Amino acid sequence: MPTTPLPRPGDAGAQHGAVALDRRDEWTALAGHRERFAGTSLRELFDADPERVRRHTLHVGDLHVDLSKNLVTEETLRLLTDLARATGVAELRDAMLGGGRINLTEDRAVLHTALRAPRGAVVETDGKNVVPEVQEVLDRMSAFAEKVRARQWLGHTGQPVTRIVNIGIGGSDLGPAMAYEALRPYSDRGLEVRFVSNVDGSDLHEALADADPATTLFVISSKTFTTIETITNATVARSWLVDALGSEKAIARHFAAVSTNAEEVARFGIDTDNMFGFWDWVGGRYSYDSAIGLTLMVAIGPERFREMLAGFHLMDTHFATAPIERNLPFLLGLLGVWYGNFMGAESHAVLPYSQHLARFPDYLQQLDMESNGKSVQRDGRPVSWQTGPVVWGTPGTNGQHAYFQLLHQGTRFVPADLIGFANPAPDLPEALVPQHDLLMANMFAQGQALAFGRTAEEVAAEGVAAELVPHRTFPGNRPTTTILADRLSPSVLGQLVALYEHKVFVQGAVWNINSFDQWGVQLGKVLAERVEPALTEGADVPGLDASTASLVSSYRALRGR
Ligand code: F6P
């Protein structure tokens, strides 16, 4: 139970005060603006303003961000920034960065920004500077990673470990797995790195099928060290190893843990010398730049890992200091509010034109949907406005041959982010480099087609038969934000991730929800624990509904029980 009392409706801690968001003048002004905006097209907006691209392009760190293809005018942006001011987003940001316990329902500070603060910086919560501890863990991680990378971390039989299997789920998997894929060109290719998350035994089986226990190191990543999927997989991994190497003593050389729960780590049998800690002020989905990134650090090395942290910090500094009108996370967050609350968008697509960012949309799903998939306000009142969108996407150009048809000509309105890089991966063989222009030509072309479409007149002028004209017309007006950078370096990845973290924050603050708890994942966990004995032993589960009871009995019959 929180020790700090939760705010009541209208309390200052409730952030928005007594006036509901959708009753605010700034909200009503946006709704009125939306009415007047109806029918405005991106073609018109571009024609009317030759300076539009220049005025709506921002350069932050290494990111070149073109917002011009969004369905907004100067007035829209002014009204949105008015809303951000009225809802105290900057004040909540400052409270977060200052170590305030803004995660009200868990009574915790939210300080992932301290994880990437430079050595020597001061970030305090409860009067304590947390940076020295953060740096100490980073130094221990670095020593461990260097040892593995130098092949000096020897397994029980004296052989160096060369396969790292990260076992974790949610924030203890998606971040490091995404970043490992993204930064693979910077990784030690002599190390085999695998990520196991699913409690489906096939996941672990595939990771170990061709593994040699003598050279395999498990990194058990779990903030709580009680997550059923992770502990189940870790327990099987431990037996696999001990059976193969013939001694419990092998565990010390083949298991490391990343957790905030030293007691459970010790109970599991992992030497706490091989444990890397973090803190309750790091949320799971905000944790891959903490010790949860250990596997990533082993793969890419401490230096690259620190470059990534510097990229995060660059964006943190921009978020903390840039005026709202030129503050990228504010603008992306507010555009999402505009589309989701006033233009009827239900989802948001993230389309990286980079195979190395294949896992980025998966990562963002947890970051965004676990943070902002909420329907009560910070003070417990229900919201009467939409909150977080469904976030989805896959890398281009693959998506173009799957769902882009709907994006271009469907009835749904799906704003999208296009993310691409001027240069291909640094290790791409010469023969494959020319393809990069084709990849990027596709990204630019999609943004153009989505924004400007093709009118019936233009289609007809191409000589298309009259009856086919409606089928070949593209309405356009599908907004995109284009994010372009030199290359997908560790620093650029850090900048990108921090940008989305803070965008999610801005939206949660406007919607007056707590973006930092995740009570919505509890019920399913509790029910699964109740249902399992029904599957295994046929136990009676009191209160099981008729449909679930019937599925349980069919399952048992199919398993021959
Ligand atoms: O899905 C719920 C959740 O608590 C996430 O927020 C978290 O990232 C994940 O489970 C894993 O938790 P842990 O790191 O404690 O194993």
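Only a predicted model underlies this, so the values are computations on that prediction, with no experimental measurement involved.

The rules we used
- Residues numbered from 1 in each chain as written.
- Predicted model: local features only at pLDDT ≥ 70, side-chain atom pairs only at ≥ 80, totals over all residues.
- Heavy atoms only, no water.
- Buried < 20%, exposed > 50% of the residue type's maximum accessible area, 1.4 Å probe, protein only.
- Helix = DSSP H or I, 4+ residues; strand = E, 2+ residues; numbered from the N terminus.
- Contact = heavy atoms within 4.5 Å.
- Axes fitted to C-alpha atoms, helices over the stretch in contact; angles between N-to-C directions.
- Parallel < 35°, antiparallel > 145°, perpendicular 65-115°, else oblique.
- Nonpolar A, V, L, I, M, F, W, Y, C, P; charged D, E, K, R; others polar.
- UniProt positions renumbered as here; feature names shortened; annotations may be inferred.
- 1 Å grid on protein atoms, 1.4 Å probe; cavity = no way out; pocket = protein on both sides within 12 Å on 5 of 7 lines; lining within 4 Å.
- Polar contact = N/O pair within 3.5 Å; in protein donor to acceptor, adjacent residues only side chain to side chain.
- Phe/Tyr/Trp six-rings, centres within 6.5 Å; stacked < 30°, edge-to-face > 60°.
- Lys NZ or Arg CZ within 6 Å of the ring centre and 35° of its normal.
- Domains from an automatic or database assignment.
- Core = buried A, V, L, I, M, F, W, Y, C linked by side-chain atoms within 4.5 Å.
- Salt bridge = Lys/Arg side-chain N within 4 Å of Asp/Glu carboxyl O.
- Expected span 1.5 Å × (residues − 1).
- Points joined across faces, edges and corners; volume = space filled by probe spheres on them.
- Near = heavy atom within 4 Å.
- Areas by Shrake-Rupley, 256 points an atom, 1.4 Å probe, with all protein chains shown as cover.
- Sits in = over half its atoms within 2 Å of the grid points.
- Pairing = 2+ DSSP bridges.

Asks: How would you summarise helix H7 (residues 174-182) if you had to cite specific residues and measurements?
Replies: The buried fraction of H7 amounts to eight of the nine residues, a majority that puts the element mostly inside the structure. Summarising the contacts, the buried residues of H7 are in contact with strand E6 (192-196), helix H12 (294-300), helix H15 (360-372) and helix H19 (490-511).

Asks: Could you give me a rundown of the packing of helix H13 (residues 302-321) against helix H14 (residues 328-342), with the residues and numbers involved?
Replies: Contact geometry of H13 with H14 gives a least axis separation of 8 Å together with a crossing angle of 75°. By the criterion of interaxial angle, the relationship of H13 to H14 is roughly perpendicular. For the pair H13 and H14, contact is made by Met315, His318 and Phe319 and by Leu328, Pro329 and Phe330, respectively. Looking at the contact of H13 with H14 residue by residue, the class counts come to five nonpolar, one polar and no charged.

Asks: Talk me through the UniProt feature "active site" (unreviewed entry) in the protein; I want residue IDs and the actual numbers.
Replies: According to UniProt, the "active site" (unreviewed entry) feature falls on Glu370, His401 and Lys525. In three dimensions, the annotated residues from a span of 156 residues occupy distinct locations, with a maximal C-alpha spread of 36.6 Å. As for the annotated residues, the ones lining the largest pocket are Glu370 and Lys525. Position of Glu370 relative to the elements: it lies in helix H15. Polar contacts involving the side chain of Glu370 include one to the side chain of Arg285, which spans 2.9 Å. With respect to the helices and strands, Lys525 occurs in helix H20 (residues 522-537). You can call Lys525 partly exposed: its relative accessible area is 41%.

Asks: Tell me about the packing of aromatic side chains, and please be specific about residues and values.
Replies: How two aromatic rings sit relative to each other is set out by the distance from centre to centre and by the angle between their planes. Evaluation of the coordinates by the stated rule reveals 23 aromatic pairs. For the pair Tyr288 and Tyr363, a centre-to-centre distance of 5.9 Å together with 85° between the ring planes defines the contact as edge-to-face. On the criterion of sequence distance, the pair formed by Tyr288 in the loop between strand E9 (275-277) and H12 and Tyr363 in helix H15 is long-range, its members being 75 residues apart. For the pair Tyr288 and Tyr363, a shared accessibility class is recorded, and that class is buried. These aromatic residues form a ring-pair network of at least three members: Phe218, Phe225, Trp240, Phe255 and Phe268. Sitting above the plane of the Phe319 ring, Arg93 keeps its charged end 5.9 Å from the centroid. Cation over ring: Arg253 sits above Trp153, and NZ or CZ is 4.3 Å from the ring centre.

Asks: Account for the side chain of His436, with residues named and values stated.
Replies: With respect to the secondary-structure elements, His436 resides in helix H17 (residues 435-452). Using a relative accessible area of 11% as the deciding quantity, one classes His436 as buried. Sequence-distant contacts of His436, that is, excluding residues within four places in its chain, are made with Phe421, Ala422, Asn423 and Pro424.

Asks: Please provide a residue-by-residue account of the domain arrangement of the protein, values included.
Replies: Taken domain by domain, the protein comprises domain 1 (23-98 + 322-509), domain 2 (124-304) and domain 3 (526-559). The distance between the C-alpha centroids of domain 1 and domain 3 comes to 44 Å.

Asks: Break down the nonpolar core for me, citing the residues and quoting the values.
Replies: Residues Trp281, Tyr288, Phe360, Leu493 and Phe505 are the most contacted members of the largest nonpolar core, which totals 124 residues. Of the residues forming this core, the biggest block, 13 residues, is contributed by H19. Among the domains, domain 1 (23-98 + 322-509) and domain 2 (124-304) are the pair contributing at least three residues each to this core. Setting aside chain neighbours within four positions, we find Phe505 in contact with Val89, Leu92, Arg93, Met96, Ile102, Phe319 and Phe516. Phe225, Leu241, Val242 and Ala257 belong to the second-largest nonpolar core, a separate cluster that totals 24 residues.

Asks: Give me the pattern of salt bridges: which residues, what numbers.
Replies: Evaluated as defined, the whole model comprises 31 salt bridges. Within this structure, Arg116, Asp289, Asp316 and Glu501 form a network of salt bridges that share partners.

Asks: Can you explain helix H6 (residues 131-149)? Please cite residues and give values.
Replies: In this model, H6 (19 residues) spans 26 Å end to end at C-alpha, consistent with the 27 Å of a helix rising 1.5 Å per residue. Listed in full, the buried residues belonging to H6 are Val131, Val134, Gln135, Val137, Leu138, Met141, Ser142, Phe144, Ala145 and Val148. With its phi angle positive at about 60°, Arg151 sits one or two positions after the end of H6.

Asks: Hey, could you go over the layout of surface pockets for me, with residue numbers and the actual values?
Replies: Of the volumes computed, that of the largest pocket is approximately 960 Å³. If you trace the largest pocket, you find 38 residues lining it, with Thr224, Thr227, Gln518, Val521 and Lys525 closest to the centre. Elements supplying a minimum of two residues to the lining of the largest pocket: helix H9 (228-245), H15 and H20. As a volume, the second largest pocket reaches approximately 550 Å³. Surrounding the second largest pocket, 25 residues form its lining, Ser354, Gln355, Leu428, His436 and Leu439 being those nearest its centre.

Asks: Just give me the short version of unusual backbone geometry, but keep the residues and values in it.
Replies: Along the chain, Gly396 connects to Thr397 via a cis peptide bond; the corresponding omega equals 10°. One can find Thr397 in the loop between strand E11 (390-392) and helix H16 (404-409). The backbone phi angle of Arg151 is positive, close to 60°, even though this residue is not glycine. Following the sequence through the fold, Arg151 ends up in the loop between H6 and strand E5 (163-167). Taking relative accessible area as the criterion, Arg151 reaches 26% and is therefore assigned partly exposed.

Asks: Explain the site of the ligand residue by residue, including any values.
Replies: Lining the immediate environment of the ligand, one finds 13 residues, of which Ser172, Ser222, Thr224, Thr227 and Glu370 sit closest. Side-chain polar atom of Gln366 to an oxygen atom of the ligand: 3.2 Å apart, as the coordinates give it. In the complex, 87% of the free accessible area of the ligand, which totals 390 Å², lies under the protein chains. Of all the cavities here, the one that holds the ligand is the largest pocket. Residues of the shell around the ligand, tallied by class, amount to two nonpolar, nine polar and two charged.

Asks: Talk me through empty space enclosed by the protein; I want residue IDs and the actual numbers.
Replies: To find leftover empty space, a probe the size of one water molecule is rolled over the atoms. Applying the stated criterion across every chain yields a total of five cavities of 30 Å³ or more. Space inside the largest cavity adds up to approximately 80 Å³. Looking at the lining of the largest cavity residue by residue, the classes come out as six nonpolar, five polar and two charged.

Asks: Give a description of the pairing of strand E2 (residues 63-66) that names residues and reports values.
Replies: With four bridges connecting them, strand E1 (residues 57-60) and E2 associate as antiparallel partners. Paired with Leu58 across the strands is Val65, a residue of E2. Two successive antiparallel strands, E1 and E2, enclose a turn made up of two residues, where Gly61 displays a positive phi of approximately 55°. Bridge analysis of E2 against strand E13 (residues 480-485) gives three bridges, and the strand direction is antiparallel.

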